[in-house]
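Spelled out, the chains give:
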Amino acid sequence: GLLHLVLEVSTSFINLSPKEIDTGINNALRMIGEFVKVDRSYLFQFHEGGLKMDNSHEWCSCEAFPQIHRLQGITIDDMPWFFHQIQKFDFVHVPAVSELPEEACAEKKEFHAEDIKSLITVPIIHGGALLGFLGLDSVREPKVWSSDEISLLKVVGEIFANVLIHKRSEEARNALLAAIPDIMFRLSADGTFLDFNTPNS
């Protein structure tokens, strides 16, 4: 069941090269979405110190319309109630979008625009910092997530946290390597180091 899903998701990332991580995330979102029978599963990542978020990866069933292109650069002002919940490192569990409180009117309007009946988001945390969240939308019918499902989704969130940290460290490493100039070494005939220079020196 769910434990098998967690195992499948975690092993799907083993041995992926940095270039394959995005495809790996999309595959994992598909596995999760199909297993828990939702219509859309997605990953949001925070930037600008947690003041903005982008939908970076998305999987949709044939019943749901993709939303990823619309959901970029979303700010606290766009969805204040949601930001307040997720910044407490809380799950945001909405069994019925129609029953959201009055203070979530901006969120209710957005969720209705996406035809969402129920949703849940799982915070992705690393080292006490909120990197983003995993989200699951039910479009066809309302859905309530059990405490067991929520516990295992939390583990999936931890898997995604490790994957994102790995991806970011690889990107930072590649950027650093690209910034280092090529260095030319000069050796003597017997292999003794003589000197070096860079292309600009």
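Data block above holds the structure.
Summarised in this report is the structure supplied together with it. If you're wondering where the values come from, they're calculated on a predicted model, not measured in any experiment.

1. Overview of the overall build of the chain
- For the chain, the helix and strand inventory stands at five helices and eight strands.
- Mapped in sequence order, the helices and strands of the chain form the string α-α-β-β-β-α-β-α-β-β-α-β-β.
- Its C-alpha radius of gyration of 22 Å places the chain more than 25% over the 17 Å reference for a compact globule of 201 residues.
- Counting only C-alpha atoms and orienting by the principal axes, one finds that the chain spans roughly 80 × 40 × 30 Å.
- Scored against the burial criterion, the 201 residues of the chain give a buried share of 41%.
- Here the contacts in the chain between residues at least 6 apart in sequence split such that 54% fall between residues at least 24 apart.
- Within the structure as shown, the chain displays about 11,200 Å² of accessible surface, and the carbon and sulfur contribution to it stands at 57%.

2. Quick notes on the packing of aromatic side chains
- Counting across every chain of the model gives six aromatic pairs.
- Ring centres 6.1 Å apart and planes at 70° place the aromatic pair Phe 13 and Phe 160 in the edge-to-face group. Taken as a pair, Phe 13 in the loop between α1 (2-12) and α2 (21-35) and Phe 160 in helix α5 (residues 147-179) lie far apart in primary sequence, 147 residues in all.
- Phe 13 sits in the buried class, given a relative accessible area of 12%.

3. Considering the pairing of strand β6 (residues 129-138)
- Among the ten residues of β6, nine are classified as buried, and the element is accordingly described as predominantly covered.
- In this structure, strand β1 (residues 40-47) lies alongside β6, joined through six bridges in antiparallel fashion. Within β6, the position partnered with Phe 44 by the bridge is Phe 133.
- Sheet analysis places strand β5 (residues 118-126) next to β6, joined by nine bridges and oriented antiparallel. Within the sheet, the bridge partner assigned to Ile 124 lies in β6 and is Gly 132.
- Where β5 hands over to β6, the hairpin turn is made up of two residues, of which Gly 127 adopts a positive phi near 60°.

4. Focus on the environment of Glu 99
- By the secondary structure assignment, Glu 99 is in the loop between β4 (92-94) and α4 (105-113).
- Along the backbone, Glu 99 and Leu 16 are 83 residues apart, and their C-alpha atoms lie at a distance of 42 Å.

5. Regarding α1
- Within the sequence span of α1, burial applies to Leu 2, Leu 5, Val 6 and Val 9. Along the axis of α1, the buried positions cluster into a sector of 100°, meaning they face one direction only. In α1, the exposed positions that point more than 90 degrees away from the buried face belong to Leu 3, His 4 and Leu 7.
- Those residues of α1 hidden inside the fold are in contact with α2 and α5.

What counts and what doesn't
- Residues numbered from 1 in each chain as written.
- Predicted model: local features only at pLDDT ≥ 70, side-chain atom pairs only at ≥ 80, totals over all residues.
- Heavy atoms only, no water.
- Helix = DSSP H or I, 4+ residues; strand = E, 2+ residues; numbered from the N terminus.
- Rg over C-alpha atoms; globule rule 2.2 N^0.38 Å.
- Buried < 20%, exposed > 50% of the residue type's maximum accessible area, 1.4 Å probe, protein only.
- Contact = heavy atoms within 4.5 Å.
- Areas by Shrake-Rupley, 256 points an atom, 1.4 Å probe, with all protein chains shown as cover.
- Phe/Tyr/Trp six-rings, centres within 6.5 Å; stacked < 30°, edge-to-face > 60°.
- Pairing = 2+ DSSP bridges.
- Arc of directions from axis to C-beta.

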